[in-house]
Amino acid sequence: MKKLSVIGMGYIGLPTSAMFAANGIGVAGCDINADICAMINNGEIHYIEPGLKSLVQEVVLNGRLKASTELFESDVFIIAVHTPMTEDKKADLSYVVQAAGSIAAVLKKGDLVILESTVSPRTTLDVLVPALEKSGLRAGTDFMVAHCPERVLPGQIMQELIYNNRIIGGIDKASAVAAMELYKTFVKGEIYITDATTAELTKLVENTFRDVNIAFSNELAKICENLNINVWDVIEFANKHPRVNIHRPGPGVGGHCLAIDPWFIIEGEGNTHSLIEQARRINSSMPLFVANKVKKLLPKGGRVVLLGCAYKADVEDTRESPAFEIHRLISNLHNFNVEIVDPHVREYDTDIYAALTNANMAIFVVNHTIFKEINFQRLFELMKTPVILDTRNCLNSKELTEIGFKYHLLGNG
Ligand code: SAJ
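Reading the values: the criteria
Residues numbered from 1 in each chain as written. Predicted model: local features only at pLDDT ≥ 70, side-chain atom pairs only at ≥ 80, totals over all residues. Heavy atoms only, no water. Phe/Tyr/Trp six-rings, centres within 6.5 Å; stacked < 30°, edge-to-face > 60°. Helix = DSSP H or I, 4+ residues; strand = E, 2+ residues; numbered from the N terminus. Buried < 20%, exposed > 50% of the residue type's maximum accessible area, 1.4 Å probe, protein only. Lys NZ or Arg CZ within 6 Å of the ring centre and 35° of its normal. 1 Å grid on protein atoms, 1.4 Å probe; cavity = no way out; pocket = protein on both sides within 12 Å on 5 of 7 lines; lining within 4 Å. Points joined across faces, edges and corners; volume = space filled by probe spheres on them. Nonpolar A, V, L, I, M, F, W, Y, C, P; charged D, E, K, R; others polar. Contact = heavy atoms within 4.5 Å. Near = heavy atom within 4 Å. Polar contact = N/O pair within 3.5 Å; in protein donor to acceptor, adjacent residues only side chain to side chain. Areas by Shrake-Rupley, 256 points an atom, 1.4 Å probe, with all protein chains shown as cover. Expected span 1.5 Å × (residues − 1). Salt bridge = Lys/Arg side-chain N within 4 Å of Asp/Glu carboxyl O. Core = buried A, V, L, I, M, F, W, Y, C linked by side-chain atoms within 4.5 Å. Patch = residues over 30% accessible without salt bridge, like charges linked within 9 Å, V, L, I, M, F, W, Y side chains within 5 Å. Pairing = 2+ DSSP bridges. Axes fitted to C-alpha atoms, helices over the stretch in contact; angles between N-to-C directions.

S.K.: So, the packing of aromatic side chains: which residues are in play, and what are the values?
M.R.: Both the distance between ring centres and the angle between the ring planes are used here to describe each pair of aromatic rings. Within this structure, the stated rule accounts for 9 aromatic pairs. Aromatic side chains F380 and F405 sit 5.5 Å apart centroid to centroid with 75 degrees between the ring planes, which places their arrangement in the edge-to-face category. Taken together, the residues span a long stretch of sequence, with F380 in helix α15 (residues 376–382) and F405 in the loop between α16 (397–403) and β13 (406–409) at a distance of 25 residues. Of the residues examined, F405 reaches a relative accessible area of 3% and is grouped as buried. Taken together, the ring pairs connect F364, F371, F376, F380 and F405 into an aromatic cluster. If you follow R378 out to its NZ or CZ, it ends over the ring of Y353, 4.0 Å from the centre.

S.K.: Account for empty space enclosed by the protein, naming residues and giving values.
M.R.: Overall, the coordinates contain 1 cavity of 30 Å³ or more when judged by the stated rule. Space inside the largest cavity adds up to approximately 30 Å³. Every residue lining the largest cavity is listed: P149, R151, V152, E160, L161, N164, N165 and R166. Taken together, the residues of the lining of the largest cavity sort by class into 3 nonpolar, 2 polar and 3 charged.

S.K.: Which residues make up the environment of G29, and what values do they have?
M.R.: You can see G29 is positioned in strand β2 (residues 27–30). Overall, the relative accessible area of 1% leaves G29 in the buried class. On a C-alpha basis, the gap between G29 and F77 in space is 10.0 Å, while along the polypeptide they are 48 residues apart. Discounting residues that sit within four places of it in the chain, G29 has contacts with V6, M9, L65, K66, A67 and S68.

S.K.: Account for helix α1 (residues 13–22), naming residues and giving values.
M.R.: Burial analysis of α1 places 9 of its 10 residues in the buried class, the great majority of the element. Considered for burial, the residues of α1 that qualify are G13, L14, P15, T16, S17, A18, M19, F20 and A21. Backbone geometry just downstream of α1 places G24 in the positive-phi region, at approximately 95 degrees.

S.K.: Tell me about the site of the ligand, residues and numbers included.
M.R.: The full set close to the ligand counts 19 residues, and E150, K203, N207, C257 and Y311 are the nearest of them. A distance of 2.9 Å separates an oxygen atom of the ligand from a polar atom in the backbone of G254. When isolated, the ligand has an accessible area of 770 Å², and the protein chains bury 88% of it. Taken together, the residues that form the shell around the ligand break down as 8 nonpolar, 3 polar and 8 charged.

S.K.: An account of helix α12 (residues 286–297) is requested, with residue identities and associated values reported.
M.R.: The terminal C-alpha atoms of α12 lie 16 Å apart, and with 12 residues this matches the ideal 16 Å at 1.5 Å per residue to within 8%. Among all positions of α12, only M286, P287, F289, V290, A291, K293 and V294 are buried.

S.K.: Quick one: what's the story with the pattern of salt bridges, residue by residue and with numbers?
M.R.: Taken as a whole and judged by the stated rule, the model has 18 salt bridges. Ionic pairing is found between E206 and R151, a salt bridge with its closest N-O pair at 2.3 Å. In this pair, E206 is assigned in helix α8 (residues 196–227) and R151 in the loop between β6 (144–147) and α6 (157–163), connecting sequence segments 55 residues apart. Relative accessible area serves as the criterion here: at 26%, E206 is assigned to the partly exposed category. On the basis of relative accessibility, which here comes to 27%, the residue R151 falls in the partly exposed class.

S.K.: Which residues make up the nonpolar core, and what are the values?
M.R.: Ranked by internal contacts, the top residues of the largest apolar core, which has 57 residues, are F364 and F376. Top contributing element to this core by residue count: α12, with 5 residues. For F364, the residues in contact, after removing those within four places along its chain, are L307, F371, I374, F376, I388, L389, D390, T391, R392, C394 and L395. Of all hydrophobic cores here, the second largest spans 42 residues; its members include L4, I25, V56 and I78.

S.K.: So what's going on with a nonpolar patch on the surface? Residues and values would help.
M.R.: Nonpolar side chains collect at one region of the surface, where I223, L227, I229 and V234 lie side by side and expose about 310 Å² of accessible area between them. Counting through the fold element by element, I229 comes out in the loop between α8 and α9 (231–238). Given a relative accessible area of 36%, I229 falls into the partly exposed group.

S.K.: So what about the sheet that holds strand β12 (residues 387–390)? Which residues, and what values?
M.R.: One key point about sheets: their strands pair by backbone hydrogen bonds, in either a parallel or an antiparallel sense. Here 5 strands make up an open sheet; going across it, the order is β10-β9-β11-β12-β13 and the pairing parallel. A single partner strand is all that each edge strand has here, and the edge strands are β10 (336–341) and β13. Across the sheet, the mean angle separating the axes of adjacent strands is 20 degrees when strand polarity is ignored. Here strand β9 (residues 302–307) runs beside strand β11 (residues 361–364); their pairing, made up of 4 bridges, is parallel.

S.K.: Talk me through unusual backbone geometry; I want residue IDs and the actual numbers.
M.R.: Leaving glycine out, the prevailing phi sign among residues is negative, and the prevailing peptide bond configuration is trans. Of note, the phi angle at N228 is positive, near 65 degrees, even though the residue is not glycine. The backbone phi angle of N358 is positive, close to 65 degrees, even though this residue is not glycine. If you trace the backbone, N358 turns up in the loop between α14 (352–356) and β11.

The structure is reproduced here in structure tokens:
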């Protein structure tokens, strides 16, 4: 039986470890954060992901997953550390390099190293391999290296880990095949093998496709407001065409993937990225678009409540969420007092009705399912001026208008 170490017990490393462990492979989980390791060893997890906690409890209890701050000798190493973006919008590979350094210290002949973290193109060849070769061993001859980017959707990670297709890029065929054999342990989707750089760019391109498509829909939202028509109708009708699939406009694009990955493509390119960069800028302009709309609707200012600051529906993750930029922009307008409420985010989990008492406007920034349970009749009675701005088209406009709300929709002129 092979020994597997997974470095990085975060959003991807922990569920991946639990999945291997649940399928019979002993996993040594490694993280620089001792508190996280202690939590895992107690069968606890440090973030919310449906289905993860029970699986972690099971594999910790049966001894197949054990976390430590130390990295031990293994046969396979999976790197699942995060790759933040630097101030100047480049991939910060320092955690990958640090992980590679600790692997190099225990690497032996015949080992396989797999990079799951999202990285800029050529990182596997130009950064990871040289860092591992500091061991004195040679990649391709003494050990194998593959890039197997994660592609799972937060909130559905446990199912998607099993059923999504996977792209695996090796520094050579043997590396790709060895990684494929390993993932077959639990992956039921197709596994496609290629070279490392192709796998790296493919991963970035998937999220960039969504980002560019969303930018298109956001631009349409602006155009429709100018034309005094409803963008949601336009998109719905256009999407009736068999070859059209326009994404949803909104208050901006958040999360650690779509808002970041396009920059990893742009970083290594000269002048060939104007479309990708422009799409980023359009999506980043949406909080200002929302703030301007608020100013137009409430010219005299007042108390405004933002509902939702997670980066998308039904998650607790607030990374890159446009809500904070909207908050900053509206707060900076004179005579506005802005509050955030989000039942999914511990820090902002305050009473919705209390927050909206005497408020002049409720802005729905996130389409959390839980918002559907709001008693709008009660809200109507509590608010000073019953104005709603729906940035996600997630509310029942007819019902709200009947209650007496002034309902406004992003993208509807
Ligand atoms: N959004 C819109 N309009 C849309 C779709 C999304 O405004 O039509 C916004 C969301 O509100 C959110 C952001 O975009 O703020 C990103 O949300 P998302 O659901 O598109 O994606 P993520 O970031 O949660 O996960 C993506 C997924 N990639 C793809 O679907 C191609 C996931 O499979 C990846 O594993 C993940 O990125 C990642 O880790 O790269």
